[in-house]
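Architecture at a glance
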Amino acid sequence: MVNVSDFFRNVARNGAGLFVKDVRVQIDHLHVRNNVAGDDLTGGNGGGILFEQASVHAMGDLHIQGNRAFERGGGLLVSQGSSLQLRTGLRFVVQNNSAMIGGGIEIMSSLMDVFIDFEISNNSALVSGGGAAITSGVLNITSGGKICGNSAGNLGGGVHLEVSSTFSSKKDVEISGNSANFGGGFSAVSSSILALDSGTLVRNNMATSLGGGVYIATQSTVHAVGLVRIAGNKALAGGGIFARDGIVGLRFGANVSNNLAENTGGGIAMARSKLVVGQKSSINDNRATRQGGGVVLVESKFECKDSHLDGNHASSGGALFLTESEAALHTCTLHGNAAVSQSCASNQKECGGGGLLASSSSILLHNSSLRNNTAGIQGRGGAMLLSEAAVLNLTDTVISGNVAGGNGGGVATLLGSSMFASGLQMRDNLAGNHGGALFCGSATRLLLGGRSVVERNTAGLDGGAIYSLSDIMLTQGGQTTLRKNSAREGTGGALAVMESALRMAREHTLDASDNSAGKDGGAVALLGGAALY
């Protein structure tokens, strides 16, 4: 048993304050400060304490402050199959230590359990793990505490995990004010697992490159379950979370909010990864200067169930921006998002999508709601913009109260994209130009089936409800109602079809009533050689 108040200003190759190897030991009320392990020529590990193949039970206060290691574990190195348990006592403090890797703590092929109040703060690492680095190890935290104000030159300002490591927090843990190049709060690579449970708060961290709050790569995973909040973080891409070749899960009320990306993915950025959001989780009030205020997906998959993507802002794709990706949304909301670009060139394919912008992607929407989204002064698709052969399958979904400064107050389809809808409800949408509810560009496809209602939509010019430059198919046995739509200064109060065909399959009923146009065709206008079959 070690019961000593203070080890300070000592120098050694390893474990400058305390070195423990191949024994079981109990430590009581120990302060380790201002020790130095190694030098520039020979390196050195465990500036304050080094445990090697040891079993350690710490009691009372354990303070590790102001130590330095020239290689690993500035304050504490737990290595080679060691076990460190902090079960009783008042506080565990690791503060103002420095190293190349693991400025405060490094855990290598070992286990560390923290059951007492703790603080890991103001430590620094030249490379990775400003607060803590974990290599093939496990850090379990079941008590309240903070990991704050730490910094790393490259990976994991707060905590860095690699080589099948695990970090788990289960109660009132705050990770805040940390900084790094990748992963201001956390970074996890090489099949590592970051398990965040209720009460974990990842906030106000910063990455100069990717993942302001969290960065994961190479088959690593983030599980955020319960009242976990990732908020107020900042990065170039992935303000809250960035994942490359990884999996991110938000479940049972997890929240990603108020994060900022100076480029893409204000809340979350995914590359060749999978994002699952479910059980009343939310991604809200995030911002990106360019694409994907809430989430940007590149060659990735997204599943949303019974959750919310609301109040996000970006230049394009206010809540979601997808390219070469797949998304399935069941009972989800996209409300109050905005694509804020102020000008759009006539051929610009990614200008708009207040709620969602999809390029070369597939989207499934079922029993969901897109309300009160906006696309900027010339933007297209107040709720959704589909571009470059994107495919949308939509059932029993409401698109209402959306606004586009340009075409398609609700939805705009461009460049070979397709929309297949059944049980669609589009109400009270507004377009500054054409297609109050829906705009279909050249070489696109629109199929309407089931019972669809398009009502009270307004276009500044043509097609109060729908404006199409491509064929429209109304499928067999369905019913489409176009009611109380308005083309204020143009033609086709309900429907304007230009140089294309409106094709009605057998036993499909089209009802058009109480529509108005400033010029011709109060209900339907077939223009430029358009036809009705």
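Quick notes on the overall build of the chain
- For the chain, the count of helices and strands is zero helices and 74 strands.
- With respect to the three principal axes, the spread of C-alpha positions in the chain is 90 × 35 × 30 Å.
- Here the chain holds 533 residues, and the buried ones make up 59% of them.
- In the chain, of all internal contacts separated by at least 6 residues, the share reaching a separation of at least 24 is 85%.
- Taken as two groups, the 37 positive and 38 negative side-chain charges of the chain have centres that lie 2 Å from each other.

Describing the side chain of Ser209
- Mapped onto the secondary structure, Ser209 falls in strand β28 (residues 206-210).
- For Ser209, a relative accessible area of 15% gives the class buried.
- For Ser209, the residues in contact, after removing those within four places along its chain, are Asn181, Phe182, Ala235, Leu236 and Ala237.

Describing the pairing of strand β50 (residues 362-366)
- Alternating positions in β50 separate cleanly, Ile363 and Leu365 being buried on one face and Ser362, Leu364 and His366 remaining unburied on the opposite face.
- Both β50 and strand β54 (residues 391-395) contribute to a ladder of five bridges, which runs parallel. What sits directly across from Leu365, in β54, is Leu394.

Remarks on the packing of aromatic side chains
- Applying the stated criterion to the full structure yields four aromatic pairs.
- Geometrically, the ring pair formed by Phe439 and Tyr467 is stacked, given 5.7 Å between the ring centres and 0 degrees between the ring planes. You can see Phe439 sitting in strand β61 (residues 438-440) and its partner Tyr467 sitting in strand β65 (residues 466-468), a full 28 residues away along the chain.
- In this structure Phe439 comes out as buried when scored by relative accessible area, which is 6%.
- For Tyr467, a relative accessible area of 6% corresponds to the buried category.
- Of the aromatic side chains, those joined through ring pairs into one cluster are Phe182, Tyr215 and Phe242.
- Above the plane of the ring of Phe70 lies Arg68, whose end atom (NZ or CZ) is 4.0 Å from the centre.

A short note on the nonpolar core
- Ranked by size, the top nonpolar core spans 104 residues in total, and within it Phe51, Leu76, Phe92, Met112, Phe167, Phe302 and Leu329 carry the most contacts.
- Not counting the four nearest positions on each side in its chain, Phe167 is found in contact with Ile134, Leu139, Ile141, Ile147, Val159, Leu161, Phe186, Ile193, Leu194, Ala195 and Leu196.

Quick look at the pattern of salt bridges
- By the definition in use, this model includes 16 salt bridges.
- We note a salt bridge from Arg91 to Glu119, for which the minimum N-O separation is 3.0 Å. In this pair, Arg91 is assigned in the loop between β10 (83-86) and β11 (92-95) and Glu119 in strand β15 (residues 118-121), connecting sequence segments 28 residues apart.
- Given the relative accessible area of 16%, Glu119 is considered buried.

Section: the environment of Phe167
- Structurally, Phe167 can be placed in strand β22 (residues 166-169).
- By relative accessible area, which is 0% here, Phe167 ends up buried.
- Put simply, Phe167 and Ala224 are 57 residues apart on the chain and 12 Å apart in space, counted from C-alpha to C-alpha.

Topic: unusual backbone geometry
- Residues other than glycine seldom take positive phi values, yet Thr218 does so here, at roughly 50 degrees.
- Relative to the helices and strands, Thr218 resides in the loop between β29 (214-217) and β30 (221-225).
- In this structure, Asp514 takes a positive phi of about 60 degrees despite not being glycine.
- Tracing the backbone shows Asp514 in the loop between β71 (509-513) and β72 (516-517).
- Note on Asp514: relative accessible area 59%, which makes it exposed.

Here we look at the side chain of Ser192
- Here Ser192 lies in the loop between β25 (186-188) and β26 (193-196).
- By relative accessible area, which is 0% here, Ser192 ends up buried.
- The contacts of Ser192, once residues within four sequence positions are left out, are Leu161, Glu162, Val163, Ser164, Ser165, Ser220 and Thr221.

Scoring rules and cut-offs
Sequence order sets the numbering: in each chain, residues are counted from 1 along the sequence as written. Whole-chain, interface and lining totals are the exception, using all residues; otherwise, since this is a predicted model, local features are given only for residues with pLDDT of at least 70 and side-chain atom pairs are given and counted only at 80 or more. Derived side-chain values reflect all non-hydrogen atoms in the structure, with water molecules and hydrogen atoms excluded from consideration. Each helix corresponds to a stretch of at least 4 residues labelled H or I by DSSP, and each strand to a stretch of at least 2 residues labelled E; elements are numbered beginning at the N terminus. Burial classes follow relative accessibility: with a 1.4 Å probe on protein chains only, a residue under 20% of its type's maximum area counts as buried, one over 50% as exposed, and anything between as partly exposed. In what follows, residue pairs with any heavy atoms lying within 4.5 Å of each other are defined as contacts. In this tally, Asp and Glu contribute negative charge and Lys and Arg positive charge; neither His nor the terminal groups of the chain are included. Every charge is mapped to an atom, namely NZ of Lys, CZ of Arg, CG of Asp or CD of Glu. What makes two strands pair is DSSP finding at least two bridges between them. When two rings of Phe, Tyr or Trp (its six-membered ring) have centres within 6.5 Å they constitute a pair, described as stacked for plane angles under 30 degrees, edge-to-face for angles over 60, and tilted for the intermediate range. Criterion for a charge above a ring: Arg CZ or Lys NZ at most 6 Å from the ring centre, at most 35 degrees from the ring normal. Remark: nonpolar core denotes a set of buried residues (Ala, Val, Leu, Ile, Met, Phe, Trp, Tyr, Cys) joined through side-chain atoms within 4.5 Å. Salt bridges are identified by distance alone: a Lys or Arg side-chain nitrogen within 4 Å of an Asp or Glu carboxyl oxygen.

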